[in-house]
Amino acid sequence: MPSVSPRGNATVLPAIQCRNKPADAQGGSAAFEQAALSHIDNLYGTALRLTRRAADAEDLVQDTYLKAFRSAHQFEAGTNLKAWLFTILHNTFRNDRRHDVRSPVDVDSEAVERAVSDGPTDHSPEQLLTRRTLDADLKAALDALPLAFRQAVWLRDVEELSYAEMAKVLDVPIGTVMSRISRGRRALSDGLRARRAEPNTMGLVSKHG
């Protein structure tokens, strides 16, 4: 998956450790905490795509881990810990944003209705997103997507969650997940194509201006 800024891990992890559980609860949960913390880069990368601000992403990851550690007894051994953590992260993000004047859920619902129609594309966003790093155009095109599409494309093509896992994380039907992935990939392709064509367009304007 794309590499995470060193600031993410270096800043979030100490804060989590400082605010960890009481000493009497630490002994039996060390293995769980170690397993959970192994996903910190994945969570930070997703949080950064959701919030688009490093400081907010760090706060979101900290809150996610604190909630996860306090609810460790609710995790069912043998199931996907990564997906469980993503569910907490997305629920925390939704709850935090409910107090905003413009609700991301409302904005995304409108954007879904205005989504581009089905059709062939020249790009493969899912292949581009599996690179180790995101180039500037791809990052900008991804961040410009409506939240619902950005979540779906990232969770599927970068974090490689299954449709069922995504449906649980996002709290929507599987059919909605599949639709958002498809529409999000097309919107990402269109946005990427437009951004990479901008220099040529500007050059033509300058030449004939």
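Description of the structure in this document. (Residues numbered from 1 in each chain as written. Predicted model: local features only at pLDDT ≥ 70, side-chain atom pairs only at ≥ 80, totals over all residues. Heavy atoms only, no water.)

As for the side chain of threonine 51
The topology assignment puts threonine 51 in helix α3 (residues 40-51). With sequence-adjacent residues up to four places away left out, threonine 51 is seen in contact with Asp56, Ala57, Leu60 and Phe93. (Helix = DSSP H or I, 4+ residues; strand = E, 2+ residues; numbered from the N terminus. Contact = heavy atoms within 4.5 Å.)

Examining the nonpolar core
Ranked by size, the top nonpolar core spans 34 residues in total, and within it Trp84 and Met166 carry the most contacts. Sorting the residues of this core by element identifies α2 (30-37), α3, α4 (54-70), α5 (81-97), α9 (147-158), α10 (163-170) and α11 (174-208) as the ones contributing at least two each. Of all the elements, α5 adds the most residues to this core, at 8 residues. Excluding its chain neighbours within four sequence positions, the residues that come into contact with methionine 166 are Ala152, Leu155, Arg156, Leu161, Asp171, Val177 and Ile181. Membership of the second largest hydrophobic core comes to 10 residues, among which are Leu142, Val153, Val158 and Leu192. (Core = buried A, V, L, I, M, F, W, Y, C linked by side-chain atoms within 4.5 Å. Buried < 20%, exposed > 50% of the residue type's maximum accessible area, 1.4 Å probe, protein only.)

Considerations on α4
Taking 1.5 Å of rise per residue, 17 residues should cover 24 Å, and α4 covers 24 Å from first to last C-alpha, within 8% of that figure. What α4 keeps buried is the set Ala57, Glu58, Leu60, Val61, Gln62, Thr64, Tyr65, Leu66, Ala68 and Phe69. (Expected span 1.5 Å × (residues − 1).)

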